[in-house]
Amino acid sequence: MSSNTSTDLHTDPSLYSGLDVYAVAGNPIAHSKSPVIHARFAEQAKQAMYYGRLQADLDGFARAAKTFFAAGGKGMNVTVPFKLDAQALADELTPRARLAGAVNTLWIEGGKIYGDNTDGAGLVRDLLAQGIVIHEARILLLGAGGAARGVMGPLLEQSPKCLVIANRSSAKAVELVKLFANQAAVQEVALESRALADLEDAAKTPYPFDLVINATAAGLSDESPLSASAVANIFTPSSFAYDMVYGKTTAFMQQALQRGARISDGLGMLVEQAADAFLLWRGAELGALIDPRAVLAKLRS
Ligand code: ATR
């Protein structure tokens, strides 16, 4: 085996003979927790594999991914900003990856590159594991970019009572509602769009929400998408506020706490989406051997 360390940013599968090699691709990627998460799953399921990091140039994802697979790489997770490039690269997409408009998991089989998206399933499993009831819940999803789109299908599958998409630019929220209108009708979910500014008006905010998910990029710049008056309309002490960002208590989470609501960051979603990727690559039967909640607890400790 090579002397690569955990900070190696350019995993080369040819250096790991005898091991199946995987990597997470992104830019930046040095601080990704995916290698440690997958190493724990491999340990739990006794799999001979190596999972490294791959930092692709911003305009070089396809080249880096093709090189990785040509050198024997078995599978790849994909994170910011390459999820759309990964979708374009895949020869075959699962239906949920097509609907999500993005790919976070790639693998090679019979010379073809397959793409899936496990983000939404990961979010739903993390919520359920935290005891959050999604069925019949009133959900507010903040944001209408790739992160929001990626989780809409799996959220709708749980048949919430309603799903309101609120975005700074309301046109993008309207687009998302159109895209998922059929699925919402089948699942009998009231799917609506709002501008973020509408949330300040109690008349335009249908009710306080059971579950508010922040899928905007606002937390990355220490901002919240919600104004103080919006906060007063949407949270009650029985609300649950979930931020897809992890590793800090974001401004959004602080607002929810001030209203007495419960909060969560997105670390559980990260672990759960990784678990799904691991099982896609290594076999669903290993589901009985891996313990994502134990991996999450260890990461938090
Ligand atoms: P991602 O793939 O992470 O969703 P994206 O497609 O660039 O990234 O989308 C970012 C989302 O965060 C968008 O919904 C964006 O709102 P706009 O569509 O109006 O741009 C939202 N966003 C980013 N910064 C924000 C901020 N400071 N306040 C509110 N929304 C913000």
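Every value quoted in this text rests on a predicted model; they were computed, and no experiment measured them.

Observations regarding the nonpolar core
Move 1: Leu 123, Leu 127, Leu 141, Leu 163, Ile 165 and Ile 213 are the most contacted members of the largest nonpolar core, which totals 30 residues.
Move 2: Among the secondary structure elements, those contributing two or more residues to this core are helix H5 (119-129), strand E7 (138-142), helix H6 (146-157), strand E8 (162-167), helix H7 (170-179), strand E10 (211-214) and strand E11 (240-243).
Move 3: By residue number, the principal contributor to this core is H6, which donates five residues.
Move 4: Discounting chain neighbours no more than four positions away, the residues touching Ile 165 are Leu 141, Gly 143, Ala 144, Met 152, Ala 173, Leu 176, Val 177, Leu 191, Glu 192, Ser 193 and Arg 194.
Move 5: Of all hydrophobic cores here, the second largest spans 23 residues; its members include Tyr 51, Leu 270, Ala 277 and Leu 286.

Section: the domain arrangement of the protein chain
Move 1: If you check the domain split of the protein chain, you get domain 1 (5-117 + 268-300) and domain 2 (121-265).
Move 2: Relative to domain 2, the C-alpha centre of domain 1 lies at a distance of 27 Å.
Move 3: Contact residues are listed per partner, giving 16 residues for domain 1 and 16 residues for domain 2.
Move 4: Between domain 1 and domain 2 the total buried area reaches about 1300 Å² when both faces are included, carbon and sulfur atoms providing 52% of it.
Move 5: At the surface where domain 1 touches domain 2, the tally comes to four salt bridges.
Move 6: Across the pair Glu 272 and Arg 125 runs a salt bridge whose closest N-O atoms are separated by 2.9 Å.
Move 7: Taken together, the links from domain 1 to domain 2 amount to nine residue pairs in polar contact (both at pLDDT 80 or more).
Move 8: Every element with two or more residues in the side of domain 1 that touches domain 2 is listed here: helix H4 (95-100), helix H11 (267-282) and helix H12 (292-300).
Move 9: Ranked by residue count, the leading element in the side of domain 1 that touches domain 2 is H11, at seven residues.

As for unusual backbone geometry
Move 1: Omega for the bond connecting Asn 27 with Pro 28 falls within 30 degrees of zero, at 5°, which places this linkage in the cis form.
Move 2: Its location among the elements puts Pro 28 in the loop between strand E1 (20-26) and helix H1 (34-44).
Move 3: Following Val 80, the chain continues to Pro 81 via a peptide bond in cis, the omega torsion being 5°.
Move 4: Relative to the assigned elements, Pro 81 resides in the loop between strand E3 (75-78) and helix H3 (83-89).
Move 5: Non-glycine residue Ser 159 carries a positive phi angle of around 50°.
Move 6: As for its position among the elements, Ser 159 is in the loop between H6 and E8.
Move 7: A positive phi is found at Asp 222, a non-glycine position, where the angle reads about 55°.
Move 8: Tracing the chain through its elements places Asp 222 in the loop between E10 and helix H9 (228-234).

Regarding the packing of H1 against H12
Move 1: Here H1 crosses H12 at 135°, and the two axes come no closer than 10 Å. As judged from the angle between their axes, H1 and H12 are oblique. When you trace H1 past H12, the crossing you get is right-handed. Packed against H1, whose contacting residues are Val 36, Ile 37, Arg 40, Phe 41 and Gln 44, the element H12 presents Pro 292, Ala 294, Val 295, Lys 298 and Leu 299 at the interface.
Move 2: Class assignment of the residues belonging to the contact of H1 with H12 gives a composition of seven nonpolar, one polar and two charged.

Topic: the site of the ligand
Move 1: What surrounds the ligand is a group of 15 residues, the closest being Ala 147, Asn 167, Arg 168, Lys 172 and Glu 223.
Move 2: Asn 167 is positioned such that a nitrogen or oxygen atom in its side chain is 2.6 Å from an oxygen atom of the ligand.
Move 3: Between the ligand and Lys 172 there is a distance of 2.8 Å, counted from an oxygen atom to a side-chain nitrogen or oxygen.
Move 4: Compared with its free state, where it exposes 640 Å², the ligand has 69% of that area covered by protein.
Move 5: Of the residues that constitute the shell around the ligand, the class distribution is six nonpolar, six polar and three charged.

Cut-offs and rules
Residues numbered from 1 in each chain as written. Predicted model: local features only at pLDDT ≥ 70, side-chain atom pairs only at ≥ 80, totals over all residues. Heavy atoms only, no water. Core = buried A, V, L, I, M, F, W, Y, C linked by side-chain atoms within 4.5 Å. Buried < 20%, exposed > 50% of the residue type's maximum accessible area, 1.4 Å probe, protein only. Helix = DSSP H or I, 4+ residues; strand = E, 2+ residues; numbered from the N terminus. Contact = heavy atoms within 4.5 Å. Domains from an automatic or database assignment. Buried area = accessible area lost by both parts, 1.4 Å probe. Salt bridge = Lys/Arg side-chain N within 4 Å of Asp/Glu carboxyl O. Polar contact = N/O pair within 3.5 Å; in protein donor to acceptor, adjacent residues only side chain to side chain. Axes fitted to C-alpha atoms, helices over the stretch in contact; angles between N-to-C directions. Parallel < 35°, antiparallel > 145°, perpendicular 65-115°, else oblique. Left-handed = near helix turned anticlockwise from the far one by under 90°. Nonpolar A, V, L, I, M, F, W, Y, C, P; charged D, E, K, R; others polar. Near = heavy atom within 4 Å. Areas by Shrake-Rupley, 256 points an atom, 1.4 Å probe, with all protein chains shown as cover.

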